[in-house]
Amino acid sequence: MTSFADITTIGVGGTIARFIEPTSRVGVIEAVEDADSKGLPLCVIGGGSNMLVADTPFNGVVVRDARRRITVPDEAAPVENGERIVHVNAEAGCNWDDFVAFTVELGLEGVEGLSGIPGTVGASVVQNIGAYGQEVATTVESVEVWDRKDKKTCDIAAADMGFGYRMSRLKASMYAAPATPAADFFPTPRYVVLSVTFALRHSATGTVGYGQLAKALGVEVGDRMETRAIRNAVLKVRAAKGMLEDAGRYENPAMTGTKRAEQVEIARRAQTDSPDYDRHSCGSFFMNPILTADAAAGLPEDAPRFDATLPDGTPGVKTSAAWLIDHAGFHKGFKTSSDSSAGLSTQHTLALTNRGGATAADVASLAKTVQDGVEAAFGVRLVPEPVVVGLDLR
Ligand SMILES: Cc1cc2nc3c(=O)[nH]c(=O)nc-3n(C[C@H](O)[C@H](O)[C@H](O)COP(=O)(O)OP(=O)(O)OC[C@H]3O[C@@H](n4cnc5c(N)ncnc54)[C@H](O)[C@@H]3O)c2cc1C
């Protein structure tokens, strides 16, 4: 019986009553609609890289889209706004890094900075993935979805996706308040992504948009470099921080075939810098808090502060979750006890890792310890970035 431990990057979570992998568009819609019409708990899962699921059995349906095709409808590259924009469509089940590798190989610019982010194309737009100065939102043209409420398919234009920092209209449909599931659509959004169409620029070079990356490449922020070089540097920087998923997970029969074999091999070689015990995580476990100016004024003077927008559209101040965690006394490698099988990554303060044999309860208990400690020190309650199912991390 497949369990969430088999199909999530952090490797915890209970058994699944019904696991379905549709291979056609209509099959995905039917699987979702069948569960919804019967009122069964439904989880549409991609790479399982942004989920922490409880240890208890999941008495519902888990759907994983097995369609992974990438197509280039206008390979002739029409000229739009004086630029050569190429549209690329990818089915929701396509592995995200397979997609990035494909676009870089094709000489397209736009997502190279998002190399090495685990997961699927379908989920990339749910939390608007971002890294090293890029966000997927800037390249999305439209998203084809199944609307579980109105029971129809539709195309959502990027402008209507409600993209923000780790946020979209899809993710918003899952929450009544931060970390508080909505009654109707959780742990999967109202809109199930079927495919995403991207608008990418025909160019073999891209802009280096982030200091750490510029340093690794020996250039300045804003300089242009070959997209291939950017991709390789991103993979290197990620490996050094333990921010690549464990390539070994694709040996698990439940994961085999979900990522292209040659990309698994490249990922295996890229991760040699990171110790095995740091590789089983959900990536960053907490979001960077966006505070009102008043709340931010209460932070220590040296806390990082960036201009940001609050959920209600008014100006706010973004601070660093990693800084707060570290300054509340939880340093890299922290564990609640020396024999605990869950801990902060030794390479990255924001990642909670399963050191081997951890349960979801162990990870949740560590998360709560960090949340409570940061709140006691700074009055800020950290909100988890992963979708937390069957556990309460408010
Ligand atoms: C090592 C590591 C590094 C990471 N680094 C980054 C990073 O740099 N930047 C970043 O933004 N994220 C990062 N992440 C988080 C994660 O990779 C992304 O959030 C990714 O987009 C999740 O994709 P997934 O397919 O694994 O989603 P899952 O974990 O399978 O699902 C996440 C949510 O999306 C929903 N979902 C999945 N597929 C669909 C679909 N087809 N339609 C509708 N909803 C769907 C699920 O129901 C769930 O609610 C990292 C994670 C790890 C493990």
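Predicted model only: the values in this text are computed from it and were never measured.

(A) Quick look at the site of the ligand. The local shell around the ligand holds 39 residues, among which Val44, Gly46, Ser49, Thr120 and Arg238 are the closest. Expressed as a share of its isolated accessible area of 970 Å², the protein-covered part of the ligand is 96%. Among the elements of the structure, α4 (121-124), β9 (130-131) and β15 (191-202) are those that each provide at least two residues to the shell around the ligand. For the shell around the ligand, the residue count by class is 20 nonpolar, 15 polar and 4 charged.

(B) Focus on the nonpolar core. Among the nonpolar cores identified, the biggest contains 62 residues, and Phe4, Trp96, Phe99 and Phe198 are the most heavily contacted of them. At 5 residues, β15 tops the list of elements feeding residues into this core. Counting contributing residues per domain, this core is built from domain 1 (4-63) and domain 2 (67-274), each supplying no fewer than three. Not counting residues within four places of it along the chain, the set of residues in contact with Phe198 comprises Val86, His87, Val88, Trp96, Phe99, Val121, Val136, Thr139, Val140 and Glu141. The next biggest cluster of nonpolar side chains, apart from the first, holds 33 residues, and it includes Ile10, Leu52, Leu344 and Leu393.

(C) Local environment of the sheet that holds strand β4 (residues 58-63). The parallel open sheet is built from 3 strands, whose spatial order is β1-β4-β2. Taken across any chain shown, the strands that pair with only one partner, and hence form the sheet edges, are β1 (16-20) and β2 (42-44). Strand-to-strand twist across the sheet, computed as the mean angle between neighbouring axes with direction ignored, equals 20°. Pairing of β2 with β4 involves 3 bridges; the strand directions are parallel. Bridge pairing links Cys43 to Val62 in β4. Taken strand by strand, helix α2 (residues 25-37) contacts β1, β2 and β4, and its axis lies near 160° from that of β2.

(D) Fine view of the side chain of Arg148. You can see Arg148 is positioned in the loop between β11 (140-147) and β12 (152-157). Looking at Arg148, its side chain comes within polar contact range of the side chain of Asp36, at 2.8 Å. A distance of 2.8 Å separates a polar atom in the side chain of Arg148 from the backbone oxygen of Thr188. Not counting residues up to four positions away in its chain, the partners in contact with Arg148 are Val32, Asp36, Leu42, Phe185, Thr188, Pro189, Arg190 and Val192.

(E) Representation of unusual backbone geometry. Along the chain, Phe186 connects to Pro187 via a cis peptide bond; the corresponding omega equals 10°. Note on placement: Pro187 falls in the loop between β14 (180-181) and β15. Notably, Lys151 is not glycine yet its phi reads approximately 55°, a positive angle. With respect to the helices and strands, the residue Lys151 is situated in the loop between β11 and β12.

(F) The arrangement of the domain arrangement of the protein chain in detail. Structurally, the protein chain comprises domain 1 (4-63), domain 2 (67-274) and domain 3 (282-389). In this assembly, 11 residues from domain 1 lie in contact with 14 residues from domain 3. Buried surface at the junction of domain 1 and domain 3, both sides included, amounts to about 1,100 Å², of which 61% is carbon and sulfur. Considering only the surface of domain 1 that becomes buried against domain 3, Ile10, Asn50 and Leu52 emerge as the three largest contributors, covering 56% of it. Where domain 1 touches domain 3, the interface holds 0 salt bridges. Inspection of the domain 1/domain 3 interface yields 8 residue pairs in polar contact (both at pLDDT 80 or more). Taken together, the residues of the side of domain 1 that touches domain 3 sort by class into 6 nonpolar, 4 polar and 1 charged.

(G) Here's a closer look at the packing of aromatic side chains. Applying the stated criterion across every chain yields a total of 9 aromatic pairs. Where Phe4 meets Phe58, the ring centres are 5.6 Å apart and the plane angle is 85°; that geometry is what we call edge-to-face. Of this pair, Phe4 sits in helix α1 (residues 4-7) while Phe58 sits in strand β4, and the two are 54 residues apart along the sequence. Between Phe330 and Phe334, the ring centres sit 5.0 Å apart and the planes meet at 75°, which makes this aromatic pair edge-to-face. Classification of Phe330 by relative accessible area gives buried; the value is 9%. The exposure class assigned to Phe334 is partly exposed, which follows from its relative accessible area of 21%.

(H) Expanded view of the environment of Ser320. Inspection of the secondary structure puts Ser320 in the loop between β20 (315-318) and α10 (321-327). What makes Ser320 buried here is its relative accessible area of 17%. Along the backbone, Ser320 and Asn354 are 34 residues apart, and their C-alpha atoms lie at a distance of 23 Å. Those residues within four positions of Ser320 in sequence are excluded, and the remaining contacts are Asn288, Pro289 and Pro304. Here the side chain of Ser320 touches Ala322 through a polar contact of 3.4 Å, landing on its backbone nitrogen. Engagement of the side chain of Ser320 in a polar contact is seen with the backbone nitrogen of Trp323, the distance being 3.0 Å.

(I) Molecular detail of the side chain of Gln127. Within the secondary structure, Gln127 is located in the loop between α4 and β9. Since its relative accessible area comes to 9%, Gln127 is described here as buried. Filtering out sequence-adjacent residues up to four positions away, Gln127 remains in contact with Asn50, Arg166, Met167, Lys171 and Glu385.

(J) Just the sheet that holds strand β19 (residues 306-309), in detail. The strand order across the open sheet built from 3 strands is β18-β20-β19, with neighbouring strands paired in antiparallel fashion. The open sheet has two free edges, formed respectively by β18 (290-291) and β19, since each of these has just one partner strand. The pairing of β18 with β20 spans 2 bridges and is classified as antiparallel. Bridged to Leu291 within β20 is Val317.

Analysis parameters
- Residues numbered from 1 in each chain as written.
- Predicted model: local features only at pLDDT ≥ 70, side-chain atom pairs only at ≥ 80, totals over all residues.
- Heavy atoms only, no water.
- Near = heavy atom within 4 Å.
- Areas by Shrake-Rupley, 256 points an atom, 1.4 Å probe, with all protein chains shown as cover.
- Helix = DSSP H or I, 4+ residues; strand = E, 2+ residues; numbered from the N terminus.
- Nonpolar A, V, L, I, M, F, W, Y, C, P; charged D, E, K, R; others polar.
- Core = buried A, V, L, I, M, F, W, Y, C linked by side-chain atoms within 4.5 Å.
- Buried < 20%, exposed > 50% of the residue type's maximum accessible area, 1.4 Å probe, protein only.
- Domains from an automatic or database assignment.
- Contact = heavy atoms within 4.5 Å.
- Pairing = 2+ DSSP bridges.
- Axes fitted to C-alpha atoms, helices over the stretch in contact; angles between N-to-C directions.
- Polar contact = N/O pair within 3.5 Å; in protein donor to acceptor, adjacent residues only side chain to side chain.
- Buried area = accessible area lost by both parts, 1.4 Å probe.
- Salt bridge = Lys/Arg side-chain N within 4 Å of Asp/Glu carboxyl O.
- Phe/Tyr/Trp six-rings, centres within 6.5 Å; stacked < 30°, edge-to-face > 60°.

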